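Descriptive analysis of the structure
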Amino acid sequence: GFSNGGYLATTIGCRAIGSVQGTATIGSTLTYKNSSNCINRNLPTLMINGEDDLKTPIYGNNQPFINKEQKEVTYPPFETYKNSALKNGCTEISNLKTLTTNPNVKYSESLNCNNYKNVYYQIENMGHVIPSANDIYNKKHPSLGNPSNDIQSDAVIIDYFNNIIKFNKKKDNL
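As a starting point, this report considers the structure included with it.

Rules of the game
Residues numbered from 1 in each chain as written. Predicted model: local features only at pLDDT ≥ 70, side-chain atom pairs only at ≥ 80, totals over all residues. Heavy atoms only, no water. Helix = DSSP H or I, 4+ residues; strand = E, 2+ residues; numbered from the N terminus. Buried < 20%, exposed > 50% of the residue type's maximum accessible area, 1.4 Å probe, protein only. Contact = heavy atoms within 4.5 Å. Areas by Shrake-Rupley, 256 points an atom, 1.4 Å probe, with all protein chains shown as cover. Disulfide = S-S within 2.5 Å. Phe/Tyr/Trp six-rings, centres within 6.5 Å; stacked < 30°, edge-to-face > 60°.

Of the regular secondary structure elements, the protein holds four helices and eight strands. Seen in sequence order, the protein has helices and strands lined up from the N terminus as α-β-α-β-β-β-α-β-β-β-β-α. Every one of the 174 residues in the protein was classed for burial, and the buried ones make up 47%. Sequence separation of 24 or more characterises 50% of the internal contacts of the protein that already satisfy a separation of 6 or more. Surface accessibility of the protein: about 9300 Å² in total, with carbon and sulfur atoms responsible for 52%.

Listed below in structure tokens is the structure:
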């Protein structure tokens, strides 16, 4: 899900035990209220956020901040990712590292999880947009910010869900 769709996907994923096998969000996070009401469950999560996103600000000094449009307290996206990883039983959450194939992309992986790993991407100079090689704006948008061609989010998300399916099949065969 993108933006509010990502918020909705994460909220449903937290609560729909057995129905949702994982979530992938772009330009999204969780409100403090929904995060604290989330059922503690093993839910693989992929998050992609832009550093210049004004709708879902990336930094908050590990403290919730106020989203002026929604009038709710929301977590910085990386904090939502880390909280999700902890709920997934992950014992190792890496700090943000630069992707070797693209210096504009930072990522983190959660390892040793009860379920498939959680992954987080943070893209420099990207606004509140869906990153792909064929961004529809191809120039800075007045309220959404810069487009990004640094990753193809559709391919990243499809690969992530394919790996969850393979992981679950392998686990079921044990």
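With that settled, consider the state of the cysteines. In a disulfide, the sulfur atoms of two cysteines are covalently bonded to one another. Within the structure shown, the criterion is met by one disulfide. Disulfide partner of cysteine 90: cysteine 113, at an S-S distance of 2.0 Å. Across the disulfide from cysteine 90 to cysteine 113, rotation about the S-S bond amounts to roughly 105°, and the bridge is consequently right-handed. Here cysteine 113 lies in the loop between strand S7 (102-111) and strand S8 (119-123) and cysteine 90 lies in the loop between helix H3 (77-87) and strand S5 (92-93), a separation of 23 residues in the sequence.

Take the environment of isoleucine 12 next. In this structure, isoleucine 12 sits in helix H1 (residues 4-15). Isoleucine 12 sits 11 residues away from threonine 23 along the chain, and the two C-alpha atoms are 9.2 Å apart.

Phi is positive for asparagine 112, which is not a glycine, with a value near 55°. When you line up the elements, asparagine 112 lands in the loop between S7 and S8. The phi angle at asparagine 125 is positive, at roughly 60°, despite the residue not being glycine.

Our focus in this paragraph is the packing of aromatic side chains. The geometry of two aromatic rings is summed up by the distance between their centres and the angle between their planes. In the structure shown here, the tally under the stated rule is six aromatic pairs. Taken together, a centroid distance of 5.0 Å and an interplanar angle of 65° make the contact between phenylalanine 78 and tyrosine 120 edge-to-face. Note that phenylalanine 78 is positioned in helix H3 and tyrosine 120 in strand S8, a separation of 42 residues in sequence. Like tyrosine 120, phenylalanine 78 is buried. Taking the centre distance of 5.5 Å and the plane angle of 65° together, the rings of tyrosine 116 and tyrosine 160 count as edge-to-face. Residue tyrosine 116 is found in the loop between S7 and S8, and its partner tyrosine 160 is found in helix H4 (residues 153-172); the two are separated by 44 residues along the sequence. Judged by its relative accessible area of 13%, tyrosine 116 falls in the buried class. Classification of tyrosine 160 by relative accessible area gives buried; the value is 5%. An aromatic cluster is defined as three or more aromatic residues linked by ring pairs; in this entry it consists of Tyr116, Tyr160, Phe161 and Phe167.

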